[in-house]
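Examining the three-dimensional arrangement
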Amino acid sequence: MDPNLITTTQAAVDPVFKFIFGACLLLLVGITGAMIWFVIRYHRSRAPEPTSTAEGNVWLEIIWTVLPTLLVLAMFYYGWAGYLALRNVPKGALEVTATARMWSWNFTYANGKSSPKLYVPAGKPVKVNLVATDVLHGFYLPAFRVKRDLVPGMKNYAWFMATKSGSYDLFCSQYCGTGHSAMITTVEALPPAEFDVWLNRRESAGEQPGKELLEKYGCLGCHSLDGSPKIGPTFKGIWGRSVTVVTAGAERTLFVDVPYLRRAILEPKADIVKGFPPIMPAFPLKDEELTTIIGFFKSGGPAPPGRDGDKHEERK
Amino acid sequence: MNPSDHPPAVFTSFWNDTGKTGITSWIFSTDHKRIGLLYFWSVLGFFLTAVLLGLLLRIELMAPGRTIMGPETYNALFTVHGAIMVFLFIIPGFPGAFGNLVMPIQIGARDVSFPRLNLFSWWLYMMGAAVIIISLFTGGGPPDTGWTFYVPFSARTGTNVSLAVFGVFIVGFSSIVTGVNFVTTIHRLRAPGMSWDRLPLFVWSLYATAWVQILATPILGITLVLIIAERVLGVGLFDPMKGGDPVMYQHLFWIYSHPAVYIMILPAMGVISEIIPVFSRKPVFGYKMIAFSSIAIAAAGSLVWGHHMFTSGMSDRAILVFSFLTFVVAIPSAIKVFNWVSTLYRGSISLEAPMLYALSFILLFSIGGLTGLILGAAATDIHVHDTHFVVGHFHYVIFGGSGFALFGAMHYWLPKFYGRRYAEKPALIAWGLMFVGFNITYFSMMVLGMKGMPRRYYDYLPEFAPLNLVSTVGSWILAVGLVLMLVNLIRGLRKGEPVGNNPWGGATLEWTIPSPPPTENFPEEPVVTHGPYDFSKAGTP
């Protein structure tokens, strides 16, 4: 298996699965078959006394040491060759940076475009540079047999290629706390021409810049826009809402206003909304970003979710 | 545990030796049999607690979305389930309970080398367990890190991680102390004639295990102290912002925790090597290879920890080496399986409960071991790492392997120490239920993992729903079997048919003395004249 001939990661890995599973199945059937046959044939009702007192056989021991050794060495070799294909990124791959935080994904492209879903051109290899901002996460694409941890302070990467356009699951595979299982999104493989259009379309600036910032910083991993329950309180109708918060152990009720929202983003541990876990990390945003986001909430908040709506919600 | 229930014996049994009664005759006893039973019942209590948590986890996963608990509760439950099962059940389970009960008798000794250290080991275990339990209900609540305590999450979470890992730290010392005691005992206290090549294979497996306990556990202790230092002092050993490295933590953790898998499975293999020849009435096939492979597994198994880290960002060269060594360690396990199956050939096989557990061990452990080859090969590991495939795989090895071997050992050896036995028919039904339930529960998980469902997922996409439901139903069948097994076993030990010295026709030394054994085991020091599987001389030293 020459890694250079491998066109996709799934084509590199699947034959290794078939080989190992096939060999294991043969072994398992052999062992179990022999065991069942012996138990029936030499059951005490048929064999009241043992008919052998053999304590071993050197040749048998040699055979069943050498044969498994050769077999596992073959497994090791194929496994390694397949793994190399996962590491050798084909030339000309599109580079995307994946940023993982508790508990959301963000993908940024060379031209500065960013998205909570991983849009890629079908038929073109994509190299994903993996960045973690807080704890360990795992970049896992089951359809492409690709997985790599995102480690704070370490440069990791993975590559894959979608041969056909379509939507593929993207999971966080390394446990990262309360929202771990909600940290899922999709790879959206588009026909190359359509992808180019998407990549170069500037989201009409000013339309919903607040929402873009919420996506960029991964806020929507824990806070929904449509009122559905997530790990944190929903953003729907947040402006002016009255909330019960726990401040330094004491409960109090207040209205959502500018000072409260700034505090909730800059020092989230100061007031914890009752009924939610105290787990939000602080986001040191710039003043103008805070103003944009708060402006978005003030304006009545989210417009109905469009094509960037959360997949998990759609499926439910 | 009422000693007066037992029929009068020619020798005073260890149940009514000192004249002292009550709890202090147990918790301050230095008799290896009493300490073994203390360990056994404590370990069983923790096992049942963790089983209950496991069943709750399966109910939560029965359907997507919230079923009975929120994500914080779920994360705490799988952490506590794993930590109890690993640190309080299966690691101390074999050496602490059956090692203590059986090993000194099997080598013809009156007790272990350091009886008071042995008692101290149980006390350390209970103190560590108490600290772990306190950690669940104090501070920020039960840890939610997973039993692996990976940084940086474990350094950041507000839950009570420091106290919990301190409890595990104490439990680690109890394991080291038992290891030291067993190595010394096996070297120094063998009866005359008990040469190394007459050592029962269970003793060989405990010997290999004891070295792992001594050599690997200190590294866990250090690693756990470093987590506390990270949390309390902010030293930053694992924090990249302070020049540390999160991947280094994973190395330290698995340098212990992979060999720990062999602490769990090696003595189980030893139990199987005892039961199969006895119920086939035939010498074990390849005694030397089985004994040698225990040592080989303990040695090679200490060098394969990196296979838990193929996706971690560790270098490709390290992956090459660890993948290779992982395949090497598969070979001695295969040798054992072939020798067990060959022992059956031309024997006279009786399918009583201990034998059914032993035979199902071979099948379940083989499935666990063979799926381990998928995880050892670098290419395939990447897809299934951190998925339910791994969860299924290690439950096949540790529950289907070690767990079923422990159940086999309970049926095989507990009658020796209680003088009474379980009823056979309910034992067979319980075994059947557990075997079926087990496979439904964990085979479904492996398929889910192949389809891409990550582990430690509170919620999942609808495509994973049908198999999760199947797995949960399987867990109920498994639980019914488990309850039936325990009820039948405990009832049998209290009120069952009395057994003589040698109910199974075994040829090792424990079957030459009364059931229950006298306090100092042997009326006079035995002189061993034959090997452990020479059934023509069964019942004599």
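Remember, it's a predicted structure, so these values are computed and weren't measured experimentally. (Residues numbered from 1 in each chain as written. Chains lettered and ligands numbered in written order. Predicted model: local features only at pLDDT ≥ 70, side-chain atom pairs only at ≥ 80, totals over all residues.)

Another aspect to go through is the overall build of chain A. When helices and strands are tallied, chain A shows seven helices and 13 strands. A compact globule built from 316 residues would reach a C-alpha radius of gyration of about 20 Å, whereas chain A, at 27 Å, exceeds it by more than 25%. The dimensions of chain A, computed from C-alpha atoms along their principal axes, are 90 × 50 × 35 Å. In chain A, which comprises 316 residues, the share counted as buried stands at 34%. Residue pairs in contact within chain A that sit at least 24 positions apart in sequence constitute 66% of those at least 6 positions apart. (Helix = DSSP H or I, 4+ residues; strand = E, 2+ residues; numbered from the N terminus. Rg over C-alpha atoms; globule rule 2.2 N^0.38 Å. Buried ≥ 20, exposed ≤ 12 C-beta atoms within 10 Å, placed from the backbone. Contact = placed C-beta atoms within 7 Å.)

For chain B, the helix and strand inventory stands at 15 helices and zero strands. Against the globule reference of 24 Å for 541 residues, chain B gives a C-alpha radius of gyration of 23 Å, in line with a compact fold. By its C-alpha atoms, chain B is 70 × 50 × 45 Å across when sized along the principal axes. Counting only residues that meet the buried cut, chain B has 62% of its 541 residues in that class.

Another aspect to go through is the pairing of strand 12 (residues 250–255) of chain A. All names here are of chain A. Counting buried residues in strand 12 gives zero out of six residues, a small share hidden from the surface. Here strand 11 (residues 242–247) runs beside strand 12; their pairing, made up of six bridges, is antiparallel. Residue Thr247 lies in a different strand from strand 12, and its bridge partner there is Ala250. Where strand 11 folds back on strand 12, the antiparallel hairpin that results is connected by two residues, among which Ala248 adopts a positive phi of roughly 50 degrees. (Pairing = 2+ DSSP bridges.)

It is worth spelling out the confidence of the model for chain A at this point. Residue and element names in this part refer to chain A. Here chain A shows a mean pLDDT of 86. Residues at 70 or above account for 91%. Strand 6 (residues 137–141) holds the highest mean pLDDT among the elements of chain A, 97, whereas helix 7 (residues 311–315) holds the lowest, 42. In this model, residues 1–6 is a region of pLDDT below 50 whose contacts with residues beyond four sequence positions or in other chains number nine contacts. Low pLDDT (under 50) marks residues 304–316, which in the prediction has 14 contacts with non-local residues, meaning those over four places away or in another chain. (pLDDT = per-residue confidence, 0-100.)

Our focus in this paragraph is the interface of chain A and chain B. Counting from both sides, the interface comprises 72 residues of chain A and, opposite them, 71 residues of chain B. When residues of the side of chain A that touches chain B are assigned to their parent elements, the largest contribution, 16 residues, is made by helix 2 (residues 58–87) of chain A. For the side of chain A that touches chain B, the residue count by class is 42 nonpolar, 19 polar and 11 charged. (Nonpolar A, V, L, I, M, F, W, Y, C, P; charged D, E, K, R; others polar.)

Under the 1.5 Å per step criterion, the end-to-end length of helix 11 (residues 353–376) of chain B is 34 Å for 24 residues, consistent within 8% with the ideal 34 Å. The element helix 11 of chain B is extensively covered by neighbouring structure, given that 24 of its 24 residues are classed as buried. (Expected span 1.5 Å × (residues − 1).)

Residues and elements named next belong to chain A. Packing of helix 1 (residues 9–41) against helix 2 brings their axes to within 8 Å, and their N-to-C directions diverge by 165 degrees. For the element pair helix 1 / helix 2, the angle class is roughly antiparallel. Both helix 1 and helix 2 take part in a crossing whose hand is left-handed. Of helix 2, the residues touching helix 1 (which contributes Thr9, Ala12, Val13, Val16, Phe19, Ile20 and Ala23) are Leu71, Met75, Tyr78, Gly79, Gly82, Ala85 and Leu86. Looking at the contact of helix 1 with helix 2, its residues break down into 11 nonpolar, three polar and no charged. (Axes fitted to C-alpha atoms, helices over the stretch in contact; angles between N-to-C directions. Parallel < 35°, antiparallel > 145°, perpendicular 65-115°, else oblique. Left-handed = near helix turned anticlockwise from the far one by under 90°.)

Right, let's talk about the packing of helix 3 (residues 71–106) of chain B against helix 7 (residues 201–232) of chain B for a bit. Residues and elements named next belong to chain B. Direction vectors running N to C along helix 3 and helix 7 enclose 130 degrees, while the axes themselves pass 10 Å from each other. By the angle class used here, helix 3 and helix 7 are oblique. Remark: the crossing between helix 3 and helix 7 carries left-handed chirality. Within the contact between the two elements, helix 3 uses Pro95, Gly99, Val102, Met103 and Gln106 and helix 7 uses Phe202, Val203, Leu206, Thr209 and Gln213. Along the lines of polarity and charge, the residues of the contact of helix 3 with helix 7 split into six nonpolar, four polar and no charged.

Turning next to the sheet that holds strand 13 (residues 271–273) of chain A. Residues and elements named next belong to chain A. Strand order in the open sheet made by the three strands is 12-11-13, with antiparallel pairing throughout. With one partner strand each, in any of the chains shown, strand 12 and strand 13 form the two edges of the open sheet. For this sheet, the mean inter-axis angle between neighbouring strands, taken without regard to orientation, is 40 degrees. Pairing between strand 11 and strand 13: three bridges, direction antiparallel. By the bridge assignment for strand 13, Val246 is matched with Ile272.

All names here are of chain A. Considered domain by domain, chain A is made up of domain 1 (3–87), domain 2 (94–200) and domain 3 (209–311). Summarising the inter-unit geometry, the C-alpha centres of domain 2 and domain 3 are found 25 Å apart. Each partner contributes to the interface: domain 2 provides 16 residues, whereas domain 3 provides 13 residues. Every element with two or more residues in the side of domain 2 that touches domain 3 is listed here: strand 2 (104–109) and strand 10 (184–190). Here the side of domain 2 that touches domain 3 is composed, by residue class, of five nonpolar, eight polar and three charged. (Domains from an automatic or database assignment.)

Residues and elements named next belong to chain A. The strand order across the open sheet built from five strands is 4-10-9-6-7, with neighbouring strands paired in mixed fashion. Pairing within the sheet leaves two strands with one partner each, and these edge strands are strand 4 (118–121) and strand 7 (146–150). If you compare each strand with its neighbour and ignore which way they point, the axes differ by 25 degrees on average. Across six bridges, strand 9 (residues 166–172) lies against strand 10 in antiparallel orientation. What sits directly across from Ser167, in strand 10, is Glu188. In the packing of helix 3 (residues 192–200) onto the sheet, contacts are made with strand 4 and strand 10, and the angle to strand 4 comes to roughly 135 degrees.

So, on to the environment of Ile429 of chain B. Residue and element names in this part refer to chain B. Tracing the chain through its elements places Ile429 in helix 14 (residues 424–450). Judged by local crowding, Ile429 falls into the partly exposed class, with 14 C-beta atoms found within 10 Å. C-alpha of Ile429 to C-alpha of Met485: the two residues are 56 residues apart in sequence and 8.4 Å apart in space.

Another aspect to go through is helix 6 (residues 161–188) of chain B. Helix length check: helix 6 of chain B (28 residues) gives 41 Å between terminal C-alpha atoms against 40 Å at 1.5 Å per residue, within 8%. In terms of burial, helix 6 of chain B is largely enclosed, as 20 of its 28 residues are buried.

Relative to the helices and strands, Tyr207 of chain B is located in helix 7. Ignoring sequence-local partners within four residues, the contact set of Tyr207 of chain B consists of Phe182, Val183 and Ile186 of chain B.

Right, let's talk about unusual backbone geometry for a bit. All names here are of chain B. That bond from Val151 to Pro152 is cis: its omega, 0 degrees, falls within 30 degrees of zero. Positionally, Pro152 belongs in the loop between helix 4 (115–137) and helix 5 (153–156). Geometrically, the link from Ser515 to Pro516 is a cis peptide bond, its omega value of -5 degrees lying close to zero. Tracing the chain through its elements places Pro516 in the segment after helix 15 (465–495). A positive phi is found at Arg281, a non-glycine position, where the angle reads about 50 degrees. Positive phi, close to 60 degrees, is recorded for Arg456, a residue that is not glycine. In this fold, Arg456 is placed in the loop between helix 14 and helix 15. Judged by C-beta crowding, with 22 C-beta atoms within 10 Å, Arg456 ranks as buried.

This next bit is on the nonpolar core. The biggest cluster of nonpolar side chains holds 239 residues, and the ones touching the most others in it are Ile272 and Ala377 of chain B. Sorting elements by how many residues they give to this core places helix 3 of chain B first, with 21 residues. Summarising the domain contributions, this core has at least three residues from each of domain 1 (3–87) and domain 2 (94–200) of chain A. When sequence neighbours within four positions are dropped, the list of residues in contact with Ile272 of chain B reads Trp340, Ala358, Phe361 and Ala405 of chain B. (Core = buried A, V, L, I, M, F, W, Y, C linked by C-beta atoms within 7 Å.)

To continue, consider the environment of Tyr418 of chain B. All names here are of chain B. Considering the arrangement of structural elements, one finds Tyr418 in helix 13 (residues 388–418). According to the C-beta neighbour criterion, Tyr418 is buried, with 25 such atoms within 10 Å. Between the C-alpha atom of Tyr418 and that of Gly496, which follows or precedes it by 78 residues, the distance is 9.7 Å.

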